[in-house]
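So you can see what is in the structure, the chains are spelled out below.
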Amino acid sequence: MAKVPSGVGPSHPQVVVLFGATGDLARRKLLPGLYHLATSGFIPDCRVIGVSLDDIDADGFRRLARQSLGDFSSRSTDDADWAAFAQRLDYVSLSAGPQALKAAVDAAEASFDTESRRLHYLSVPPSAALSAVRMLAEARLVERSRIVMEKPFGTDLASAVELNARLHQVFAEDQIFRIDHFLGKEPAQNILAFRFANGLFEPIWNRNFIDHVQIDVPETLGLAQRATFYEQTGAYRDMVVTHLFQILAFMAMEPPTALEPQPISEEKNKVFRSMLPIQPGDVVRGQYSGYRDEPGVDVQSETETFIALKCFIDNWRWAGVPFFLRTGKKLAEGQRIISIAFREPPKSMFPPGSGVGAQGPDHLTFDLADASKMSLSFYGKRPGPGMRLDKLSLQFAMHDTGLAGEVLEAYERLILDAMRGDHTLFNTAEGIERLWQVSVPLLEAPPPVRLYAPGSWGPKSVHQLIAPHAWRLPFERSWRSPNSTGN
Ligand code: BG6
């Protein structure tokens, strides 16, 4: 068992009430994550009470949890650890009502010999969030508790405002944790370190030196078992208004006065306040061919499985710099990159045909894959007579440092932070409402979805959106592997 540094986890045992306990996210991430946290010494003790519409009992839930670990955990499951964890699982079906839930929580709390805390995790679609909050209020489970709200938080401005208002009738703001798991990813936090722990980059981090920015998160994944959720959600609500805008805020924000929740939220919210509303003419919506034949999908569905857009942050640092965002399902590659294109030199003295500028502008690229990678590309002289230029790059991969080690997965990190009451990597009501507000023009008049072939890079018009620039992906040159000698 890995030694857990002190202060990383909560000091009280935890009762986790997991709504949506049999759903896709619970099986893929939350149950394996809770198992890891509970069995690796991060939490003093815990009980997990699954809640969902499914009519199963505690043993049925244990079987589902065991299966989830087998199917989705990135680590191996020790039999003795599993047996101990299984004893900590219980289940209450939604139809059993608030009193049954209260009884299960009471029993869990009675099993600890010290005072405990409650973590309510709402892994449910926006349409089900309020009824779960009501059930918690009726079961009188608000005291000594924190509540984690999954994204998307609402489906538009009105529903997000209402959700925040109703939530505040039951929970105080400091009990609420609006999660975005991209912010729990190591490389996302590394953007903050890269920008603010170094003096080198901040002076050029603005419109005078940066030409445009791309945040590109194509996925090869399809719908898996999530058709019902996805049909109501689509790529914009599922990925952009949440993950991609959050990454954009880390990339674009001013230095916070401290690395603490309030200063960080203030700076992120200032970015969101400066964002210009998203114009439908700056958006390409796509749907992969065959989506409408998927089980659970409307045969006339207009839900987008792909979205690319251009947006602007209208402040002194970024005015006029386009930010291009793209994400979608069933695309050619799974990648998560931020690419920053620098302005070209004002004048070139290199002879025609030298190759200068031929391979696009200089770029700084962050790969947000599980271990951070970064690359800075630039033109350099090709060895030999004359003056021929090639695009070269400096590359860094966290893996090469030997520091990557056993990192916590994004959800694990954020669950632990919520248990400790640390809001640093969570979203505020104001930030989320503002993001829905900038989405109004797009949500009111979405452009029609265009079909694209599964395995492609989306509809063709995605190239017009970014012209005269070009999408960085697919990369012309792949990342260097540690021992290669290529460019
Ligand atoms: C989730 C979305 O929030 O993020 C999924 O609902 C998406 O549709 C996933 O596939 C991507 O996250 P990750 O961590 O797998 O890149």
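Please refer to the structure placed before this passage.
Residues numbered from 1 in each chain as written. Predicted model: local features only at pLDDT ≥ 70, side-chain atom pairs only at ≥ 80, totals over all residues. Heavy atoms only, no water.

A. Here's a closer look at empty space enclosed by the protein. By the definition in use, this model includes three cavities of 30 Å³ or more. The computed volume of the largest cavity comes to approximately 120 Å³. Those elements that provide at least two residues to the lining of the largest cavity are α8 (227-252) and α12 (429-438). Broken down by class, the residue content of the lining of the largest cavity amounts to seven nonpolar, three polar and four charged. In this model, the second largest cavity occupies a volume close to 50 Å³. (1 Å grid on protein atoms, 1.4 Å probe; cavity = no way out; pocket = protein on both sides within 12 Å on 5 of 7 lines; lining within 4 Å. Points joined across faces, edges and corners; volume = space filled by probe spheres on them. Helix = DSSP H or I, 4+ residues; strand = E, 2+ residues; numbered from the N terminus. Nonpolar A, V, L, I, M, F, W, Y, C, P; charged D, E, K, R; others polar.)

B. Representation of the side chain of glutamine 14 within the structure. In this structure, glutamine 14 sits in strand β1 (residues 14-19). With relative accessibility at 1%, the residue glutamine 14 sits in the buried group. Those residues in contact with glutamine 14 that lie beyond four places of it in its chain are Ile43, Asp45, Cys46, Arg47, Phe112, Arg117, Leu119 and Met419. (Buried < 20%, exposed > 50% of the residue type's maximum accessible area, 1.4 Å probe, protein only. Contact = heavy atoms within 4.5 Å.)

C. Seen up close, the packing of aromatic side chains. Taken as a whole, this structure holds 15 aromatic pairs when the rule is applied. Judged by centre distance (6.0 Å) and plane angle (50°), the ring pair of tryptophan 82 and phenylalanine 85 falls under tilted. Here phenylalanine 85 and tryptophan 82 lie together in helix α3 (residues 79-86), a separation of three residues that amounts to about one turn. Of the two residues, tryptophan 82 and phenylalanine 85, neither departs from the other in class, the shared state being buried. A connected cluster of aromatic rings, assembled from ring pairs, spans Phe194, Phe201, Trp205 and Phe366. Of note, lysine 185 hangs over the ring of phenylalanine 182, and the distance from its end group to the ring centre comes to 4.8 Å. Taking NZ or CZ as reference, arginine 326 lies 4.3 Å from the ring centre of tryptophan 471, over its face. (Phe/Tyr/Trp six-rings, centres within 6.5 Å; stacked < 30°, edge-to-face > 60°. Lys NZ or Arg CZ within 6 Å of the ring centre and 35° of its normal.)

D. The arrangement of α3 in detail. Of all the residues in α3, the buried ones are Trp82, Phe85 and Ala86. Buried residues of α3 fall within an arc of 100° about the axis and therefore sit on the same side. On its buried face, α3 sits against α1 (24-39), β2 (46-52), α2 (58-72) and β3 (89-93). (Arc of directions from axis to C-beta.)

E. The environment of isoleucine 338, seen in detail. Tracing the backbone shows isoleucine 338 in strand β11 (residues 337-342). Judged by relative accessible area, isoleucine 338 falls into the buried class, the value being 0%. For isoleucine 338 and glycine 431, which are 93 residues apart along the polypeptide, the C-alpha to C-alpha distance reads 21 Å. Residues in contact with isoleucine 338, not counting those within four places in the same chain, are Ile191, Val213, Gln214, Ile215, Ile247, Met251, Leu364, Thr365, Phe366 and Leu368.

F. Examining the nonpolar core more closely. In this structure, Leu101, Phe245 and Phe323 are the most contacted members of the largest nonpolar core, which totals 135 residues. The biggest single contributor to this core is α8, with 15 residues. The residues touching leucine 101, leaving out its near neighbours within four places in the chain, are Val17, Phe19, Ile49, Val51, Val92, Met135, Leu136 and Leu141. Counting five residues, the second largest nonpolar core, distinct from the first, contains Ile337, Trp457, Leu473 and Phe475. (Core = buried A, V, L, I, M, F, W, Y, C linked by side-chain atoms within 4.5 Å.)

G. Main features of the environment of leucine 276. Turning to its location among the elements, leucine 276 is positioned in the loop between α9 (261-274) and β8 (283-288). Spatially, the C-alpha atom of leucine 276 lies 23 Å from that of glutamate 202, the residues being 74 residues apart in sequence. Those residues in contact with leucine 276 that sit more than four places away from it in its chain are Phe312, Asp314 and Val438.

Note that all results are geometric; they support no functional claim without further evidence.
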